[in-house]
Amino acid sequence: SVYVSFTNNQCSLDYSVSKKQVCCDGYYGNGTDCVPVCRGGCENGRCTGPETCTCNAGYSMVRGRCVPSCVNGCANGSCVAPNQCVCGVGFVKSTAGACVPKCADDCVNGVCNERNECECREGFYFNEKLLEFGVRNNTVCTARCDFECRKGFCTGRNRCQCLEGYELSKSDRFECVPVCDSELVDCSNGECVAPNHCRCSVGFRM
């Protein structure tokens, strides 16, 4: 500003200087600094330059927006928050955290595929005899053993579970042998032929 004053019939000039903040295009002044302008906002991020957003940790830029990021992907689902995947309709979360198909029917000992069919896990198969008991085809996978489990039943790939009163033979993993409790019956001079039932050797009797 310039002021003119008269003193003793003499003219003199009085100067005063003031500062005004002027920001470049794409920035605006907040009274202290010039900060960038992002007209569309920066949801889940921050404006680091004119119309330039930098996403927060756990988010990535997709078509001009900061969206949640799932490190392992989110196939068959939606990434709703950083590393948080919500499965789509017809899919469920597996123990590994992936979205896998969910069969309309049960899929016991199997895995449901994208065709809504139950595929048996390794060591299991669908026993056609189950159809006679009203079990729908390929909904219950039974264990597969190369040999019959004598006095037991197959629970996994070549794995037998013995009936009550029997234990797995030490020499044959497909045979269950009877158990005689020494506190209930003494088989020291005989043979255990059934649970807690001894057959005495020749020359001995119970």
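Here the structure is a predicted model, which means the values were calculated and not measured.

Asks: Describe the overall build of the protein chain, listing the residues and the values that go with them.
Replies: Counting its secondary structure elements, the protein chain contains zero helices and 22 strands. The buried share of the protein chain, taken over its 206 residues, is 20%. When contacts within the protein chain are restricted to residue pairs at least 6 apart in sequence, those whose partners lie at least 24 apart make up 10%. Surface exposure of the protein chain reaches about 15500 Å², of which carbon and sulfur atoms provide 48%.

Asks: Account for the pattern of salt bridges, with residues named and values stated.
Replies: Taken as a whole and judged by the stated rule, the model has four salt bridges. Between Glu-175 and Arg-150 there is a salt bridge, with the nearest N and O atoms lying 3.9 Å from each other. On the criterion of sequence distance, the pair formed by Glu-175 in the loop between strand 19 (166–168) and strand 20 (176–178) and Arg-150 in the loop between strand 16 (142–143) and strand 17 (152–156) is long-range, its members being 25 residues apart. Two residues, Glu-191 and Arg-199, come together in a salt bridge whose shortest N-O distance is 3.2 Å. In this structure, a network of salt bridges that share partners links the residues Arg-150, Asp-172 and Glu-175.

Asks: Explain the pairing of strand 8 (residues 65–68) to me, and be specific about the residues and the numbers.
Replies: As defined by bridge partners, strand 7 (residues 59–62) adjoins strand 8 across four bridges and the pair is classed as antiparallel. What sits directly across from Val-62, in strand 8, is Arg-65. The hairpin turn running from strand 7 into strand 8, its antiparallel successor, is two residues long, and Arg-63 in that turn takes a positive phi close to 50°.

Asks: Just give me the short version of the state of the cysteines, but keep the residues and values in it.
Replies: One pass over the full model with this rule turns up 12 disulfides. A sulfur-sulfur distance of 2.1 Å marks the disulfide that ties Cys-55 to Cys-66. Residues Cys-55 and Cys-66 are joined by a disulfide whose S-S torsion is about -90°; by sign, that bridge is left-handed. With a gap of 11 residues between them, Cys-55 in strand 6 (residues 52–55) and Cys-66 in strand 8 connect regions that are remote in the sequence. Taking relative accessible area as the criterion, Cys-66 reaches 6% and is therefore assigned buried. Free cysteine: Cys-24, not disulfide-bonded; nearest cysteine sulfur from Cys-34 at 6.8 Å.

Asks: Talk me through the environment of Gly-152; I want residue IDs and the actual numbers.
Replies: By the element assignment, Gly-152 lies in strand 17. For the pair Gly-152 and Glu-164, spaced 12 residues apart in sequence, the C-alpha to C-alpha distance is 8.7 Å.

Asks: Quick one: what's the story with the UniProt feature "domain: EGF-like" (unreviewed entry) in the protein chain, residue by residue and with numbers?
Replies: In the numbering used here, UniProt assigns the feature "domain: EGF-like" (unreviewed entry) to residues 37–67, 69–100, 102–142 and 144–177. Along residues 37–67, the helical share is 0% and the strand share 52%, with 20 Å between the first and last C-alpha atoms. Annotated as 0% helix and 41% strand, the span residues 144–177 places its first and last C-alpha atoms 21 Å apart.

Asks: Now, about unusual backbone geometry: what can you tell me, with residues and values included?
Replies: One non-glycine residue, Asn-44, lies in positive phi territory at about 65°. Looking at where Asn-44 falls in the secondary structure, it is placed in the loop between strand 4 (34–36) and strand 5 (45–49). A residue is classified by how much of its surface remains accessible, and Asn-44, at 25% relative accessible area, is partly exposed. One non-glycine residue with positive phi stands out, namely Lys-151, at about 60°. In this structure, Lys-151 sits in the loop between strand 16 and strand 17. Relative accessible area serves as the criterion here: at 46%, Lys-151 is assigned to the partly exposed category.

How each quantity is defined
- Residues numbered from 1 in each chain as written.
- Predicted model: local features only at pLDDT ≥ 70, side-chain atom pairs only at ≥ 80, totals over all residues.
- Heavy atoms only, no water.
- Helix = DSSP H or I, 4+ residues; strand = E, 2+ residues; numbered from the N terminus.
- Buried < 20%, exposed > 50% of the residue type's maximum accessible area, 1.4 Å probe, protein only.
- Contact = heavy atoms within 4.5 Å.
- Areas by Shrake-Rupley, 256 points an atom, 1.4 Å probe, with all protein chains shown as cover.
- Salt bridge = Lys/Arg side-chain N within 4 Å of Asp/Glu carboxyl O.
- Pairing = 2+ DSSP bridges.
- Disulfide = S-S within 2.5 Å.
- UniProt positions renumbered as here; feature names shortened; annotations may be inferred.

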